[in-house]
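Structural features, examined
Each chain is listed here by its residues.
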Amino acid sequence: MIRIRPATPEDAAAVAAIYAPHVTDSVASFEEKAPTAAEMRARMAKLAGRFPWLIADEGGTVLGYAYACQFRDRRAYRWAVETTVYVADAAQSRGVGSLLYTALLDQLRRQGFTQAIAAISLPNDASVKLHERAGFRRAGVYRQVGWKMGRWVDVGLWQAELADPQGEPAEPGPFAP
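The text that follows walks through the structure, step by step, so that each part is easy to find. Source: prediction; values computed, not measured.

Let us now look at the nonpolar core. Within the largest apolar cluster, 45 residues are counted, with the highest numbers of intra-cluster contacts made by Met40, Trp53, Tyr65, Tyr101, Leu108 and Phe136. Sort the elements by how many residues they give to this core and strand E3 (residues 61-70) lands first, with seven residues. Those residues in contact with Met40 that lie beyond four places of it in its chain are Ala12, Val15, Ala16, Tyr19, Pro35, Trp53 and Tyr65.

Dropping the structure here:
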């Protein structure tokens, strides 16, 4: 049975291993060097307490992860987050990404965030389908903004409304697993 749970520092090596092929073998990530487990642990710690970082776990094996982070630096953007999800190659087409996104978006709603933004390198039909199943809608495209693997890559923006923003909202709350 697949369980969605908060990430712990002990998950960093598995997270790094899942992410590495997306860095080294594709344009899904614009990073050019795969981060180490220590670097992933530091990234997770940086978001701790403010933004959720979730793990899909099956019998102690990490199948995928999802997290949210600050959308932009300006204070006026504090109700919007950027989201990310990655699933291990061996766990593809098992609904892991959908489980992670359902849990992540539910958590973000509970915290009081109103918008989730996802950036998807294009073309990437599988990621587009995953995001649209989760309630994201295409919001725009940055054309030829990334150079990787010998070509220019577009980045599509998908947006999910988490709450109907009316009037002055309360401050988003912390992530407390």
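There's more to say after this.
Here we take up the packing of helix H1 (residues 12-24) against helix H2 (residues 37-47). In the contact formed by H1 and H2, the axes pass within 8 Å of each other and the chain directions differ by 110°. As far as their axial angle goes, H2 and H1 are roughly perpendicular. Touching Ala12, Ala13, Val15, Ala16 and Tyr19 of H1 are Ala37, Met40, Arg41, Arg43 and Met44, all from H2. Its residues placed into classes, the contact of H1 with H2 shows eight nonpolar, no polar and two charged.

In the contact formed by helix H3 (residues 96-111) and helix H4 (residues 125-133), the axes pass within 10 Å of each other and the chain directions differ by 40°. Put simply, H3 runs oblique to H4. Remark: the crossing between H3 and H4 carries right-handed chirality. Across the interface between the two elements, Gly97, Ser98 and Tyr101 of H3 pack against Leu130, His131 and Arg133 of H4. Per-class residue counts for the contact of H3 with H4 are two nonpolar, three polar and one charged.

The strands making up a sheet are joined through hydrogen bonds of the backbone, oriented either antiparallel or parallel. Within the open sheet, the seven strands sit side by side as E1-E2-E3-E4-E5-E7-E6. Their pairing is mixed. In this open sheet, the two edge strands, each paired with only one partner strand, are strand E1 (2-6) and strand E6 (137-148). Strand-to-strand twist of the sheet, defined as the mean angle between neighbouring strand axes without regard to direction, takes the value 25°. As paired elements, E1 and strand E2 (residues 53-58) share five bridges and run antiparallel to each other. Looking at the pairing, Arg3 lines up with Asp57 of E2.

How each quantity is defined
- Residues numbered from 1 in each chain as written.
- Predicted model: local features only at pLDDT ≥ 70, side-chain atom pairs only at ≥ 80, totals over all residues.
- Heavy atoms only, no water.
- Core = buried A, V, L, I, M, F, W, Y, C linked by side-chain atoms within 4.5 Å.
- Buried < 20%, exposed > 50% of the residue type's maximum accessible area, 1.4 Å probe, protein only.
- Helix = DSSP H or I, 4+ residues; strand = E, 2+ residues; numbered from the N terminus.
- Contact = heavy atoms within 4.5 Å.
- Axes fitted to C-alpha atoms, helices over the stretch in contact; angles between N-to-C directions.
- Parallel < 35°, antiparallel > 145°, perpendicular 65-115°, else oblique.
- Nonpolar A, V, L, I, M, F, W, Y, C, P; charged D, E, K, R; others polar.
- Left-handed = near helix turned anticlockwise from the far one by under 90°.
- Pairing = 2+ DSSP bridges.

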